[in-house]
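So the chains spell out like this:
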Amino acid sequence: MTGSRPLAVIGLGVIAKFYLAAIEADPSFTLAAVCDRDEAALASSRAAGVPAYRDHRELLAAHRELAGVIVTVPNDAHAALCRDLLAAGLPICVEKPLATEVAEARALTAMAAERSVPLFTAFHRRYNSQTLELAAACSGAPISSIRVRYLEKIEEHVGPDRWYLDPARCGGGCVADNGPNAFDLVRLLFRDTGLSVVRAAIERDGAGLDRQAVIDLITDGPSPRRAKVELDWSYPGEVKDIEVTLADGQLLRADLLAGHTGFKASLWHEYQGILTAFGSALQRPGSHRDGGLAALELVAAAYRLDRDTATHVFRPAVQEAP
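Residues numbered from 1 in each chain as written. Predicted model: local features only at pLDDT ≥ 70, side-chain atom pairs only at ≥ 80, totals over all residues. Heavy atoms only, no water.

### A look at the pairing of strand β4 (residues 68-71)
- Side chains G68 and I70 of β4 all project onto a buried face; the interleaved residues V69 and V71 project onto the opposite face, where all are buried too.
- As paired strands, strand β1 (residues 5-10) and β4 are joined by 4 bridges and run parallel to one another. If you follow L7 over to β4, its bridge partner there is G68.
- Here β4 pairs with strand β5 (residues 92-95) via 3 bridges, running parallel. The residue of β5 that forms the bridge with I70 is C93. (Buried < 20%, exposed > 50% of the residue type's maximum accessible area, 1.4 Å probe, protein only. Helix = DSSP H or I, 4+ residues; strand = E, 2+ residues; numbered from the N terminus. Pairing = 2+ DSSP bridges.)

This is the structure we're talking about:
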């Protein structure tokens, strides 16, 4: 592997392989080191001659040359790890969600801004080829409403990463983990700075893990437009799609799995898109407007409205342009 910007990958679970493949395919990056608490997860990297560590602090001490770090650890570990990396002045590409608590995400966002260090939250579905085609088709056309569906059998997708099924480590369930991707797609297509949750219905299993959710959103302003996000972690199969209704009644659809044969096959090109976008953030850090906090604010709004039967609208405290 060759490249001008060395990266480290911290966390070698089910998602890491997509990052590793993207780094190997991109000549502008090189893999400098990896880190995971599980020694078995490091075996293939060690065999390939890649420096491997079980403690991220040891990695940071040994690799002062890093241009950035990719964080793909369990959701509940994002905040603490990102704090350490920002304190070291290292740009971060972190898997969504940015954190499991809004207060943590706010603190990370403020810390990155104070240090002028890129904090890049990875929303892989915005780099999907079908998403990009849909966004281009909608460009300049007034949108009336959007529906995003994110349906899957979660046990089929997590492999050995069973932490997804622990509400405390995941941050909740389908709303905490898939919700940010879906909300980011709505924000991308609406191109709005203001989006609010107006209704949320969440169904949980006996362990407290949310398995299904329907969340309604509106844009702020005098002529609100609507969006619906449907999430399901108990669906027999997989559906990931977007439906856009234009103001003139025209209906546009995007099947995010179309053209990608095989389980999770669409992720290969999506993670290449993430790496390219992260590279742009490294080159022009002042131009990057991260959506990690905004997505987490919407997650928190959905959970709050599900708990609260009042009819008021909970508005995220921080709104950022996508």
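### Let's talk about unusual backbone geometry
- Residues K96 and P97 are joined by a peptide bond in cis, for which omega reads -5 degrees.
- Its location among the elements puts P97 in the loop between β5 and α5 (102-115).
- Its identity as a non-glycine residue notwithstanding, S116 has a phi of 55 degrees, on the positive side.
- Locating S116 in the fold gives a position in the loop between α5 and β6 (119-122).
- Given a relative accessible area of 60%, S116 falls into the exposed group.
- At K264, a position not held by glycine, the phi torsion is positive, near 60 degrees.
- Within the secondary structure, K264 is located in the loop between β12 (251-255) and α11 (267-283).

### Here's the deal with the pattern of salt bridges
- Summed over all chains, the structure comprises 18 salt bridges.
- Salt bridges here are not isolated pairs; linked through shared partners, they connect R147, E243 and R253. (Salt bridge = Lys/Arg side-chain N within 4 Å of Asp/Glu carboxyl O.)

### Looking at the sheet that holds β5
- Taking strand neighbours across the sheet as the criterion, the 6 strands line up as β3-β2-β1-β4-β5-β6 in an open arrangement whose pairing is parallel. Sheet topology places β3 (52-53) and β6 at the edges, where each strand pairs with a single neighbour.
- Here strand β2 (residues 29-35) pairs with β3 via 2 bridges, running parallel. Of the residues in β3, the one forming a bridge with V34 is A52.
- Contacting β1, β4 and β5, helix α4 (residues 78-87) runs over the sheet at an angle of about 175 degrees to β5. (Contact = heavy atoms within 4.5 Å. Axes fitted to C-alpha atoms, helices over the stretch in contact; angles between N-to-C directions.)

### What to know about the packing of helix α1 (residues 16-25) against α11
- For the pair α1 and α11, the least separation of the axes is 8 Å and the interaxial angle reads 65 degrees. Crossing handedness for the pair α1 and α11: right-handed. Along its contact with α1, which presents K17, F18, Y19, A21, A22, I23 and A25, the element α11 presents L267, W268, Y271, Q272, I274 and L275. (Left-handed = near helix turned anticlockwise from the far one by under 90°.)

### Observations concerning the side chain of H63
- Structurally, H63 is set in the loop between α3 (56-62) and β4.
- Of the polar contacts made by the side chain of H63, one reaches the side chain of Y53; its length is 2.8 Å.
- Of note is the side chain of H63, whose polar atom sits 3.0 Å from the side chain of E65.
- Dropping the residues within four chain positions of it, H63 is found in contact with A32, A33, P51 and Y53. (Polar contact = N/O pair within 3.5 Å; in protein donor to acceptor, adjacent residues only side chain to side chain.)

### Digging into the packing of α5 against helix α12 (residues 292-307)
- For the pair α5 and α12, interaxial distance at closest approach is 9 Å and the crossing angle is 165 degrees. Compared by their axis directions, α5 and α12 come out roughly antiparallel. Between α5 and α12 the crossing geometry is left-handed. Here α5 contributes V102, A105, R106 and T109 to the contact with α12, which in turn contributes L293, L296, E297 and A300.
- Among the residues making up the contact of α5 with α12, the classes are represented as 5 nonpolar, 1 polar and 2 charged. (Parallel < 35°, antiparallel > 145°, perpendicular 65-115°, else oblique. Nonpolar A, V, L, I, M, F, W, Y, C, P; charged D, E, K, R; others polar.)

### Some points on the packing of aromatic side chains
- Across all of its chains, the model carries 5 aromatic pairs by this definition.
- Measuring from centroid to centroid gives 5.7 Å for F120 and F278, while their planes differ by 55 degrees, and the two rings are tilted. In this pair, F120 is assigned in strand β6 and F278 in helix α11, connecting sequence segments 158 residues apart. F278 shares its class with F120; the two are buried. (Phe/Tyr/Trp six-rings, centres within 6.5 Å; stacked < 30°, edge-to-face > 60°.)

### As for the sheet that holds strand β9 (residues 210-219)
- Read from one edge to the other, the open sheet built from 6 strands follows the order β8-β9-β10-β7-β11-β12, with strand pairing classed as mixed. Either end of the sheet is taken by a strand with one partner, and the two such strands are β8 (195-204) and β12. The average undirected angle you get between the axes of adjacent strands in this sheet is 15 degrees.
- The sheet contacts of helix α6 (residues 129-138) involve β7 (143-153), β11 (234-246) and β12, and relative to β12 the element is tilted by about 165 degrees.
- The strands touched by helix α10 (residues 179-190) are β7, β8, β9, β10 (226-232) and β11; relative to β7, the strand with the most contacts, the crossing angle is about 160 degrees.

### Examining α12
- The first and last C-alpha atoms of α12 sit 23 Å apart over 16 residues, in line with the 22 Å expected at 1.5 Å per residue.
- Summarising burial for α12: 12 of the 16 residues are buried, a large majority.
- For α12, the complete set of buried residues consists of G292, L293, A294, A295, L296, E297, L298, V299, A301, A302, Y303 and L305.
- Summarising the contacts, the buried residues of α12 are in contact with α5, β6, α9 (174-177), α10, β8 and β9. (Expected span 1.5 Å × (residues − 1).)

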